[in-house]
2 protein chains.
Amino acid sequence: MDKKDKILEVAREVFQKKGKSGARMQEIADKAGVNKALLHYYFTNKEGLFKEVFTEMIRKTLLPLKINLLSGEDLEVKIKKFVAGYIDIMKENPNMVSFILGELRMNKIPIDPPEDIKESLNVLRVQLRDDDRFKTIDPFQIMSMIIGSCIFPFIGRPMLTRLGLEDEQTYEQFLEDRKEILPDIILDGIRNR
Amino acid sequence: MDKKDKILEVAREVFQKKGKSGARMQEIADKAGVNKALLHYYFTNKEGLFKEVFTEMIRKTLLPLKINLLSGEDLEVKIKKFVAGYIDIMKENPNMVSFILGELRMNKIPIDPPEDIKESLNVLRVQLRDDDRFKTIDPFQIMSMIIGSCIFPFIGRPMLTRLGLEDEQTYEQFLEDRKEILPDIILDGIRNR
DNA sequence: GTCTATAATGGGATAGAC
DNA sequence: GTCTATCCCATTATAGAC
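Residues numbered from 1 in each chain as written. Chains lettered and ligands numbered in written order. Predicted model: local features only at pLDDT ≥ 70, side-chain atom pairs only at ≥ 80, totals over all residues. Heavy atoms only, no water.

**What to know about the environment of alanine 29 of chain B**
Residue and element names in this part refer to chain B.
At step 1: Note on placement: alanine 29 falls in helix α2 (residues 25–32).
At step 2: Exposure remark for alanine 29: the relative accessible area of 0% places this residue in the buried category.
At step 3: Ignoring sequence-local partners within four residues, the contact set of alanine 29 consists of Val34, Asn35, Lys36 and Leu39. (Helix = DSSP H or I, 4+ residues; strand = E, 2+ residues; numbered from the N terminus. Buried < 20%, exposed > 50% of the residue type's maximum accessible area, 1.4 Å probe, protein only. Contact = heavy atoms within 4.5 Å.)

**Concerning the UniProt feature "domain: HTH tetR-type" (unreviewed entry) in chain A**
At step 1: Sequence positions flagged by UniProt for "domain: HTH tetR-type" (unreviewed entry) are, in local numbering, residues 1–61 of chain A.
At step 2: Across residues 1–61 of chain A one finds 79% helix and 0% strand; the C-alpha atoms that close the span lie 25 Å apart. (UniProt positions renumbered as here; feature names shortened; annotations may be inferred.)

**Looking at the protein's contact with DNA strand C**
At step 1: Residues in close proximity to DNA strand C total 15 residues, the closest being Arg24, Lys36 and Lys46 of chain A together with Asn35 and Tyr42 of chain B.
At step 2: Protein-proximal atoms of DNA strand C, defined as those within 4 Å of the protein, fall in sugar or phosphate at a share of 61%.
At step 3: Elements supplying a minimum of two residues to the surface near DNA strand C: α3 (36–43) of chain A together with α3 (36–43) of chain B.
At step 4: Element by element, the count of residues in the surface near DNA strand C is highest for α3 of chain B, at four residues.
At step 5: Considering only residue class, the surface near DNA strand C consists of eight nonpolar, three polar and four charged. (Near = heavy atom within 4 Å. Nonpolar A, V, L, I, M, F, W, Y, C, P; charged D, E, K, R; others polar.)

**Re the interface of chain B and chain A**
Size of an interface, as often reported, equals the accessible area lost when the parts are brought together.
At step 1: On the chain A side, the residues contacting the 55 residues of chain B number 55 residues.
At step 2: Summing both partners gives a buried area of about 4,800 Å² for chain B against chain A, and 66% of it is carried by carbon and sulfur.
At step 3: Here aspartate 188 of chain B and lysine 135 of chain A are joined by a salt bridge, their closest N and O atoms 3.0 Å apart.
At step 4: Scanning the region where chain B abuts chain A turns up 14 residue pairs in polar contact (both at pLDDT 80 or more).
At step 5: Only α1 (3–18), α6 (96–106), α7 (115–130), α8 (139–155), α9 (157–163) and α10 (168–190) of chain B provide two or more residues apiece to the side of chain B that touches chain A.
At step 6: At eleven residues, the largest contribution of residues to the side of chain B that touches chain A is made by α8 of chain B.
At step 7: Of the residues contributing to the side of chain B that touches chain A, the split by class is 30 nonpolar, 14 polar and eleven charged. (Buried area = accessible area lost by both parts, 1.4 Å probe. Salt bridge = Lys/Arg side-chain N within 4 Å of Asp/Glu carboxyl O. Polar contact = N/O pair within 3.5 Å; in protein donor to acceptor, adjacent residues only side chain to side chain.)

**Points about the relation of the copies chain B and chain A**
At step 1: Superposing chain B onto chain A requires a rotation of 180° together with a translation of 0.0 Å along the rotation axis, leaving an RMSD of 0.1 Å. Given the turn and translation reported, the copies of this chain are related as if by a two-fold rotation axis. Relative to the rotation axis, the closest C-alpha in chain B is found at glycine 189 of chain B, a distance of 1.9 Å.
At step 2: Both copies present the same face, since 100% of the interface residues in chain B are matched by interface residues at the equivalent positions in chain A. (Least-squares fit on C-alpha atoms with pLDDT ≥ 70 in both.)

**Things to note about the protein's contact with DNA strand D**
At step 1: Around DNA strand D, the surrounding shell holds 15 residues, and the nearest of these are Asn35 and Tyr42 of chain A together with Arg24, Lys36 and Lys46 of chain B.
At step 2: Expressed as a percentage, the sugar and phosphate content of the atoms of DNA strand D within 4 Å of the protein is 62%.
At step 3: Between arginine 24 of chain B and DNA strand D, the recorded distance is 2.7 Å, taken from a side-chain N or O atom to a phosphate oxygen.
At step 4: Separating a phosphate oxygen of DNA strand D from a backbone N or O atom of methionine 25 of chain B is a distance of 3.2 Å.
At step 5: Ranked by residues supplied to the surface near DNA strand D, first place goes to α3 of chain A with four residues.

Here it is in structure tokens:
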């Protein structure tokens, strides 16, 4: 593999684990099997390396939000697909969300206003209003519920572990179950009766 | 105010905003209006100061989980109270949860096994099983849903802001609404029909 | 207890050879 | 492009006066 890519790969991992200020250029260099100076050659400085990694991650986290939510698909199908898809994405990178949200809290990082996500919230609003199988509810509330519930098993894993979801096996099963249970509860929760 | 307490108060704030490795002893000293050396006098080193702040926060965040959830109160009442109470706690310290979860991810911090929270999960399990108004569902799934949904407006605030919940007023209203909407959806979601 | 002054070092950055 | 060697500043930590 290209050394530049190797550096990026390792940087992703180290930044995620230690945070921007906790990460060490030396550690990244070592784990990538290159010299520290090479990081500066490619990315100028720590800030540059961080930005590269970070924006890439934002893309990875927000993209699925867009593609799924922009569709005009039936609400039930949409939510089911979204939950399953989002959980799968995070399984690949369990620390990503915690990392992103943490850095957004610590540094004022400007990210481009996600116009299409705004749009998808509108689609959702209309769907909730017009589909009389469901109650008319603020889409922000629903979104926060869905996303919050999807990410908690990852950002709160240390907690869950201590509370009993200890072995990998059980945890994995928990996530798979969640893909079904979560949409079921939420959909039943907003259904008119 | 006692200088030691003042240091702790400021440290809490700075650690929360910048994270453990991003925080600067100098900044804490300045904002507390004392000399840097005094921090070492009281807390030996940065690690010591951090630990003091951190464990205090864990106590603050987990305590309400205990008192609310340990009660054998009716499920509906319990969940309503919990949501309202938890949101209120976090309003006082909006960055606390993000901070705690972030540090737990970055450093392997040993926190004492929360036996009583485990116990409360068991109470919940029994309640769900025996109360035939509700479906029998894994309490981990429900807990993760409730907590995830409660904390998302805080840890994900940068996102929500960009998506439209911009001014303080709207955000505040969103939180107040949430105290009602969240329990309603969740309870309806797990109700037998 | 609280400060001033200073030591010690970690860690980001760069010059320059190859 | 990649490395060695070195610089230098920011930051933690301590010695010692008051």
